[in-house]
Amino acid sequence: MHCLDEPVTSPLPLVIDTDPGVDDTLAVLLALASPEVDLRLVTTVHGNVELERTTENTLRVLHLAGRADVPVAVGAAGSLVHPQPERAGHVHGAAGLGGVALPPSPASVDRRPAVVALAELLMSSPVPVTVAAIGPLTNIALLLHVFPEAASRIGRLVVMGGSATRGGNVTAAAEFNVWADPEAAQVVLGSTLPTVMVGLDVTLPTVLGEAGIARFAAAGPIGAQAAAILQQYLAHARAAYGTRGVVVHDALALTEAIAPGTLTTVRRDVLVDTGPGPGRGQTLVDRRTVSTSPTAVEVAEGVDSAAAVEFLVARLSTLDARTRQHPGPRDCGPRNG
Ligand code: RIB
Ligand code: CA
């Protein structure tokens, strides 16, 4: 939909596939604070915490921002083949939102399973849809297998996951989203979907510091709740990495989805280690050449971290004002697809 007080160009239809999750929360709020995009659907997936919690958290985060109108469809409860060895409650809190209990949403989940809702949206949209996948890639892999025609209509797939040169965060070799479902990641990163891989190479240097958190915390109740959700994540980063800030992996992926070209990418061939050994979940990125393969992935290899953090903080700082001005959906004429 397009409102007169927003940019003339039609907002980009966006779907977020997510496992909230603290940084997922910031990513969803960033999308809601960005007039360039029209958040059409959120699909939930297992990952940081169990599916029931990632789904409930998604409903509550949308409600927090006055957008309980955005459809939420429930996805996969577990990985494609092998169960995920452990969740990330020690990082995101047992319930997934850093110990913060947001008010329940009045909305219910969409009656359709996530891959059906996503397929129907893709098949009915007259313009390309961007999909930001910021959790394990189970839902996206299922979409490719069950609804390949719909999957082929994805305009751009922005994946938070993997690592080319920075090793892992959940093991020495693997980044969490890929590690949680390596077989799904291999299906997706080995497909011909137009995929951008936003991995640890660009997320680890992009740290949201205490000053930035304080800025959006002061903007109003939504910003204050977002800051509260970050506190446990902040404490974990301080204890684990000695940093006075948080790596907001998923928010950087959403920044690239919202503002294409934010990151410097190179087309690379990517394989995922789906074996049982210590390398399980590692993304093997071939940096010897620029790939011309149809299955190549645009791997993010460069970032202006300061600019990305400023983009995030500035947008999150507008969320309260935007919600006060325009609570709920913008009834500004027909949606663009
Ligand atoms: O490795 C970072 C990723 O794992 C992020 O998506 C975060 O939410 C966790 O799921
Ligand atoms: Ca996530």
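First, a word on what this report is: a plain description of the structure on this page.

## Considerations on the overall build of the chain
Thinking step 1. Regarding its fold elements, the chain presents 14 helices and eleven strands.
Thinking step 2. Seen through its principal axes, the chain has C-alpha atoms that stretch 50 × 45 × 35 Å.
Thinking step 3. Buried residues in the chain amount to 56% of all 337 residues.
Thinking step 4. At a minimum sequence separation of 6, the contacts of the chain that also span at least 24 residues come to 83%.
Thinking step 5. Element-wise, carbon and sulfur atoms account for 58% of the exposed surface of the chain, whose accessible area totals about 12800 Å².
Thinking step 6. If the 23 positive side-chain charges of the chain are averaged to one point and the 32 negative ones to another, these points end up 3 Å apart.

## Topic: the nonpolar core
For soluble globular proteins, the rule of thumb is that nonpolar side chains tend to be buried together.
Thinking step 1. In terms of nonpolar packing, the biggest core is built from 60 residues, with Leu14, Ile16, Leu208, Phe216, Leu230 and Leu254 touching the most fellow members.
Thinking step 2. With 35 residues, the next largest nonpolar core counts Leu121, Leu122, Leu137 and Val270 among its residues.

## Digging into the site of ligand 1
Thinking step 1. Around ligand 1, 13 residues are found, and the nearest of them are Asp23, Asn48, Asn169, Glu175 and Asp250.
Thinking step 2. Interatomic distance of 3.3 Å between a side-chain N/O atom of Asp19 and an oxygen atom of ligand 1.
Thinking step 3. The fraction of the free accessible surface of ligand 1 (270 Å²) that becomes covered by protein chains is 97%.
Thinking step 4. For the shell around ligand 1, the elements supplying multiple residues, two or more each, are helix 1 (22-32), helix 7 (176-180) and helix 12 (249-258).

## Some details on the packing of helix 10 (residues 210-217) against helix 11 (residues 221-241)
Thinking step 1. For the pair helix 10 and helix 11, interaxial distance at closest approach is 8 Å and the crossing angle is 160°. Our classification of the angle between helix 10 and helix 11 gives roughly antiparallel. You can see that helix 10 and helix 11 cross each other, and the crossing is left-handed. Judged by residue contacts, Glu210, Ile213, Phe216 and Ala217 of helix 10 engage Gly223, Ala224, Ala226, Ala227, Leu230, Gln231, Leu234 and Arg238 from helix 11.
Thinking step 2. Taken together, the residues of the contact of helix 10 with helix 11 sort by class into eight nonpolar, two polar and two charged.

## Looking at the coordination of the calcium ion (ligand 2)
Thinking step 1. The coordination sphere of the calcium ion (ligand 2) contains the protein donors Asp19 (OD), Asp24 (OD), Asp24 (OD), Ile134 (O) and Asp250 (OD), at a distance range of 2.3 to 2.6 Å.
Thinking step 2. The sequence pattern describing where the donors of the calcium ion (ligand 2) fall on their chain is D-x4-D-x109-I-x115-D. A residue pair is termed long-range when its members are at least 10 positions apart, and Asp24 in helix 1 and Ile134 in the loop between strand 4 (129-133) and helix 5 (138-146) qualify at 110 residues. There is no split in this pair, since Asp24 and Ile134 are both buried.

## Regarding the environment of Leu80
Thinking step 1. Within the secondary structure, Leu80 is located in the loop between strand 3 (72-74) and helix 3 (89-92).
Thinking step 2. Expressed as a C-alpha distance, the spacing of Leu80 and Arg156, which sit 76 residues apart in the sequence, is 23 Å.
Thinking step 3. Residue contacts for Leu80: discarding those within four places in its chain leaves Thr138, Ala141, Leu142, Asp181, Glu183 and Ala184.

Here is what the cut-offs are and how they apply
- Residues numbered from 1 in each chain as written.
- Chains lettered and ligands numbered in written order.
- Predicted model: local features only at pLDDT ≥ 70, side-chain atom pairs only at ≥ 80, totals over all residues.
- Heavy atoms only, no water.
- Helix = DSSP H or I, 4+ residues; strand = E, 2+ residues; numbered from the N terminus.
- Buried < 20%, exposed > 50% of the residue type's maximum accessible area, 1.4 Å probe, protein only.
- Contact = heavy atoms within 4.5 Å.
- Areas by Shrake-Rupley, 256 points an atom, 1.4 Å probe, with all protein chains shown as cover.
- Lys, Arg positive; Asp, Glu negative; His and termini not counted.
- Charge placed at Lys NZ, Arg CZ, Asp CG, Glu CD.
- Core = buried A, V, L, I, M, F, W, Y, C linked by side-chain atoms within 4.5 Å.
- Near = heavy atom within 4 Å.
- Polar contact = N/O pair within 3.5 Å; in protein donor to acceptor, adjacent residues only side chain to side chain.
- Axes fitted to C-alpha atoms, helices over the stretch in contact; angles between N-to-C directions.
- Parallel < 35°, antiparallel > 145°, perpendicular 65-115°, else oblique.
- Left-handed = near helix turned anticlockwise from the far one by under 90°.
- Nonpolar A, V, L, I, M, F, W, Y, C, P; charged D, E, K, R; others polar.
- Donors = N, O, S within 2.8 Å, 3.2 Å for Na, K, Ca; no water.

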